[in-house]
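Here is what each chain is made of, one letter per residue.
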2 protein chains.
Amino acid sequence: MKIGEIAKKADMPVKTVRYYDEIDLVKPNGRSDAGYRTYDEAALRQLIFIRRARAFDFSVNDCRELLGLYTDQARTSADVKAIAKKRLVEIEAKQAELQRLHDELAHLVGACRGDNRPDCPIMDYLG
Amino acid sequence: MKIGEIAKKADMPVKTVRYYDEIDLVKPNGRSDAGYRTYDEAALRQLIFIRRARAFDFSVNDCRELLGLYTDQARTSADVKAIAKKRLVEIEAKQAELQRLHDELAHLVGACRGDNRPDCPIMDYLG
DNA sequence: ATAAAGGTTCCAGTTACAGGAGAGTAAAGT
DNA sequence: ACTTTACTCTCCTGTAACTGGAACCTTTAT
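Engineer: Looking at this model, I keep getting lost on the environment of Arg 45 of chain B. Mind explaining?
Structural biologist: Note that Arg 45 of chain B resides in helix H3 (residues 41–55). Spatially, the C-alpha atom of Arg 45 of chain B lies 8.0 Å from that of Ala 10 of chain B, the residues being 35 residues apart in sequence.

Below is the structure:
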């Protein structure tokens, strides 16, 4: 497969596949005479794996770890769970922060009349 | 005031104050003979204003707009409310997405035994 | 006089790519 | 065979909002 085909099958931009090569995340299995990257089915599976992991906002480095575990016969589910748990904790922290922001901002927005006069509780808060 | 003093009073790093000068967000009122930035009380109020707005994760460009409205006698609270509302909608969208991620990942993490065997529903999902 | 603290500019790095230039290669149509 | 179109290559720049560090100069304290 050339890069356009695998990118389509993995449902990601060609640019991204090239980037993953550059950072040694998923390498092509070789190059054609003209220097085109060539990929096999294993690479396709890895790219799809990464796309799914990225959809959870796992960092590229977490993806690298997960991908290592993916093909590691000696992996333990504890290893995998640890990475996923870490991500879950991050998500929960972000959720808590967003909730705080949301409530405070919603309060201010609710208190602002939004008319053509200048007085505004949002500005009062910020200034 | 020199940069170190205003940075301390505004509770932000010197680097950040210098950055805000560079992007024309908050400029010093002049320079000393030695080329040191000098700031006045108005600049301090602006920096504090920005710090508070940034705490809501308003983008620097939104801060720029808000700061413009802050000193605009002809502003309307509708202008302010529109910017805040936009940010609120962004926050709510992010919250919804995080909730989806959280639930799905929490489900997978909950289903993973996390022991020393290799089989793992998280890997099954990703692979 | 000297040393510490604080100021200056400029450059690199962060994250995970996206956009585009310029050039070569492959595939398809006539 | 020739041309057009579609791919692919590398290299460079830009994103957001700073942070860290180098090399150098000024102010302040001892």
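Engineer: How should I be thinking about the packing of H3 of chain B against helix H4 (residues 60–70) of chain B in this particular structure?
Structural biologist: Each packed pair of helices is defined by two parameters, the angle between the axes and the distance between the axes. All names here are of chain B. It is at 10 Å that the axes of H3 and H4 come closest, and there the two elements cross at 130°. With respect to each other, H3 and H4 are oriented oblique. The interaxial crossing formed by H3 with H4 has right-handed handedness. Where H3 abuts H4, its residues Gln 46, Phe 49, Ile 50, Ala 53 and Arg 54 lie against Val 60, Cys 63, Leu 66, Leu 67 and Tyr 70. Residue composition of the contact of H3 with H4, by class: eight nonpolar, one polar and one charged.

Engineer: Sorry, what's going on with the protein's contact with DNA strand D here?
Structural biologist: Near DNA strand D you find 18 residues, and of these Gly 4 and Arg 37 of chain A together with Lys 15, Thr 16 and Tyr 20 of chain B are the closest. One of the side-chain nitrogen or oxygen atoms of Tyr 20 of chain B is found 2.7 Å away from a phosphate oxygen of DNA strand D. In this structure, Val 60 of chain B approaches DNA strand D through a main-chain N or O atom, which is 3.1 Å from a phosphate oxygen. Those elements giving two or more residues to the surface near DNA strand D turn out to be helix H1 (3–10) of chain A together with helix H2 (14–22) of chain B. The leading source of residues in the surface near DNA strand D is H2 of chain B, at four residues. Here the residues of the surface near DNA strand D sort into eight nonpolar, four polar and six charged.

Engineer: Is there a simple way to explain the interface of chain B and chain A in this structure?
Structural biologist: Interface extent is often summarised as the accessible area lost during association of the parts. Contacts between the two partners involve 49 residues from chain B, matched on the other side by 49 residues from chain A. For the chain B and chain A pair, buried surface summed over both sides reaches about 4400 Å², with 71% attributable to carbon and sulfur atoms. When residues of chain B are sorted by the area they lose upon contact with chain A, Phe 56, Met 123 and Leu 126 of chain B head the list and together hold 17% of the total. Across the chain B-chain A interface, the total number found is zero salt bridges. In this assembly, chain B and chain A are joined by 21 residue pairs in polar contact (both at pLDDT 80 or more). Secondary-structure elements contributing two or more residues to the side of chain B that touches chain A are H3, H4, helix H5 (77–111) and helix H6 (121–126) of chain B.

Engineer: Explain the domain arrangement of chain A here, please?
Structural biologist: Residue and element names in this part refer to chain A. Considered domain by domain, chain A is made up of domain 1 (1–75) and domain 2 (77–127). Across the contact, eight residues belong to domain 1 and seven residues belong to domain 2. Asp 62 is paired through a salt bridge with Lys 86; the nearest N and O atoms lie 3.1 Å apart. Applying the counting criterion to the domain 1 and domain 2 interface returns three residue pairs in polar contact (both at pLDDT 80 or more). Of the residues that constitute the side of domain 1 that touches domain 2, the class distribution is four nonpolar, no polar and four charged.

About the cut-offs
All residue numbers here refer to positions counted from 1 along the written sequence of the relevant chain. Starting at A for chains and at 1 for ligands, labels are handed out in the order in which the entities are written. Side-chain atom pairs in this predicted model are given and counted only at pLDDT of 80 or more, local residue features only at pLDDT of at least 70, and totals for whole chains, interfaces and linings cover all residues. The side-chain values count all of the structure's non-hydrogen atoms but skip hydrogen atoms and water molecules. Per the convention used, a helix needs a DSSP run of H or I reaching at least four residues, while a strand needs a run of E reaching at least two, with both numbered from the N terminus. Interaxial angles span 0 to 180 degrees and are taken between N-to-C directions of axes, which are lines fitted to C-alpha atoms, for helices over the stretch in contact. Oblique is the label for every angle not falling under 35 degrees (roughly parallel), over 145 degrees (roughly antiparallel), or within 65 to 115 degrees (roughly perpendicular). Crossings are assigned a handedness: left-handed for a near helix turned anticlockwise from the far helix by less than a right angle, right-handed for a clockwise turn. Residue contacts follow a heavy-atom distance rule, with two residues in contact if any of their heavy atoms lie within 4.5 Å. Residues are grouped as follows: Ala, Val, Leu, Ile, Met, Phe, Trp, Tyr, Cys and Pro are nonpolar; Asp, Glu, Lys and Arg are charged; all remaining types, including Gly, are polar. Any residue with a heavy atom positioned within 4 Å of a molecule or strand is treated as near that molecule or strand. Any pair of N or O atoms that falls within 3.5 Å is considered a polar contact. Within protein, one atom must be able to donate a hydrogen and the other to accept it, and sequence-neighbouring residues count only if both atoms are side-chain atoms. Buried area is understood as the total, over both parts, of accessible area removed when two parts are fitted together, assessed with a 1.4 Å probe. Here a salt bridge means any side-chain nitrogen of Lys or Arg lying within 4 Å of a carboxyl oxygen belonging to Asp or Glu. Each domain span listed reflects an automatic or database assignment of domains.

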